[in-house]
Amino acid sequence: MSNPDVVTLNVGGVKFTTLASTLQRFPESRLAHMLDGSDRDFRLVNGQFFVDRDGSLFSYILDYLRTSHLTLPSDFSEYERLQREAEFYQLQALAEQLGQENFYRPRQEILEVRFLLQETHAFFRVFCSCSSTVEALADRIVMYVEQPIGGQGWNFPFSNQKPLAPVPLQRPSHHDLIFQCGTDFATGDQFGARYVSIKPDQRKLLNGTNVLGLLLDILLREGFSLVSTRAVSAEEKVECYTFQRKKRPEILTIAEDYKQEKNINIQVKPSKSTKKK
């Protein structure tokens, strides 16, 4: 015996089963009016509503009806086609949001690491076109300096026997940061050192080459791709590493009522597969 509250749709050969109340969530949409049989684009065949549209894209539409969120895989690129589907089903606010190309299309994010090695001292400058990425890196990178003991200067010949104190990174702007590591002579023959730690790695590294390797590895694991390596200044031995990645859309809020439906929450998840319902 069929349950009138449960509806089966065949969208382009892909079947979906959901509640009638889900389809009626936005009363002005065509899906809400489908159940009365007045829309010729939705044909009742063997107890199922058939519509000749893209079934894979409808899975996102149905998920949006169920949750008030539009969840897309990280490599999603068919914004125009999904917008046309939203227009077809007369989910106007969703279609308008998907049509805002500058906001929802992935934007290219450029990051540059400049590395200068002077004997046993290394200097780093990180620039990124996205200020939030620089803020996140600044929270993860900690620079430490050795501290004198007992007011008698650097009492031990080996730097790792001295206490370390964190010091702030330099922030010339919202888009870059500067830090350094290695050994130098602070005053006369008093020996000092600077260490760098990059979370989640717990090590405090003194060698600039090791810090560079760790930083580059972290950037690669964070989704950046290395696009070029060049020498900025041969005399000063400044190396420049340029990375890029696609910046994903931001997450917005949503109003439940269709008449107030102005902001759509579009969330991107790191998934390359679309689950059929």
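Residues numbered from 1 in each chain as written. Predicted model: local features only at pLDDT ≥ 70, side-chain atom pairs only at ≥ 80, totals over all residues. Heavy atoms only, no water.

As recorded by an unreviewed UniProt entry, the chain carries the name BTB domain-containing protein and is attributed to Staurois parvus.

1. Description of the overall build of the chain
When helices and strands are tallied, the chain shows 8 helices and 15 strands. Taken across its 277 residues, the chain has 42% of its residues classed as buried. Of all intrachain contacts in the chain linking residues separated by at least 6 positions in sequence, the fraction that spans at least 24 positions is 59%. (Helix = DSSP H or I, 4+ residues; strand = E, 2+ residues; numbered from the N terminus. Buried < 20%, exposed > 50% of the residue type's maximum accessible area, 1.4 Å probe, protein only. Contact = heavy atoms within 4.5 Å.)

2. Here we look at the pattern of salt bridges
In total, this model carries 13 salt bridges according to the counting rule given. Salt-bridge contacts for glutamate 112 lead to arginine 114; the nearest nitrogen and oxygen are separated by 2.9 Å. With its nearest N and O atoms 2.9 Å apart, the salt bridge here joins arginine 203 to aspartate 201. With relative accessibility at 47%, the residue arginine 203 sits in the partly exposed group. (Salt bridge = Lys/Arg side-chain N within 4 Å of Asp/Glu carboxyl O.)

3. With respect to the nonpolar core
By size, the foremost hydrophobic cluster in this structure holds 32 residues, and its most contacted members are Leu9, Leu31, Phe58, Ile61, Leu82 and Tyr89. Those elements giving two or more residues to this core turn out to be β1 (6-11), β2 (14-19), α1 (20-23), β4 (48-51), α3 (55-67), β5 (69-73), α4 (79-88) and α5 (92-98). The biggest single contributor to this core is α3, with 7 residues. Those residues in contact with phenylalanine 58 that lie beyond four places of it in its chain are Leu9, Val11, Phe16, Leu31 and Tyr89. (Core = buried A, V, L, I, M, F, W, Y, C linked by side-chain atoms within 4.5 Å.)

4. Digging into helix α8 (residues 208-221)
The end-to-end C-alpha separation of α8 is 20 Å, in line with the 20 Å expected for 14 residues at 1.5 Å each. All of the buried residues along α8 are Gly208, Val211, Leu212, Leu214, Leu215, Leu216, Ile218 and Leu219. Structurally, the start of α8 carries an N-cap: the backbone nitrogen of threonine 209 is 2.9 Å from a side-chain oxygen of asparagine 207. Phi turns positive one or two residues past the end of α8, at glycine 223, with a value near 100 degrees. (Expected span 1.5 Å × (residues − 1). Polar contact = N/O pair within 3.5 Å; in protein donor to acceptor, adjacent residues only side chain to side chain.)

5. A word on the environment of leucine 44
Topologically, leucine 44 is positioned in strand β3 (residues 43-45). Assessed through its relative accessible area of 57%, leucine 44 is described here as exposed.

6. Observations regarding the packing of α3 against α4
Two elements in contact, α3 and α4, have axes separated by 10 Å at closest approach and are oriented at 65 degrees. Considering how the two elements wind past one another, α3 and α4 form a crossing that is right-handed. Of the residues in α4, those in contact with Leu57, Tyr60 and Ile61 of α3 are Arg81, Leu82, Glu85 and Ala86. Residue classes in the contact of α3 with α4 are distributed as 5 nonpolar, no polar and 2 charged. (Axes fitted to C-alpha atoms, helices over the stretch in contact; angles between N-to-C directions. Left-handed = near helix turned anticlockwise from the far one by under 90°. Nonpolar A, V, L, I, M, F, W, Y, C, P; charged D, E, K, R; others polar.)

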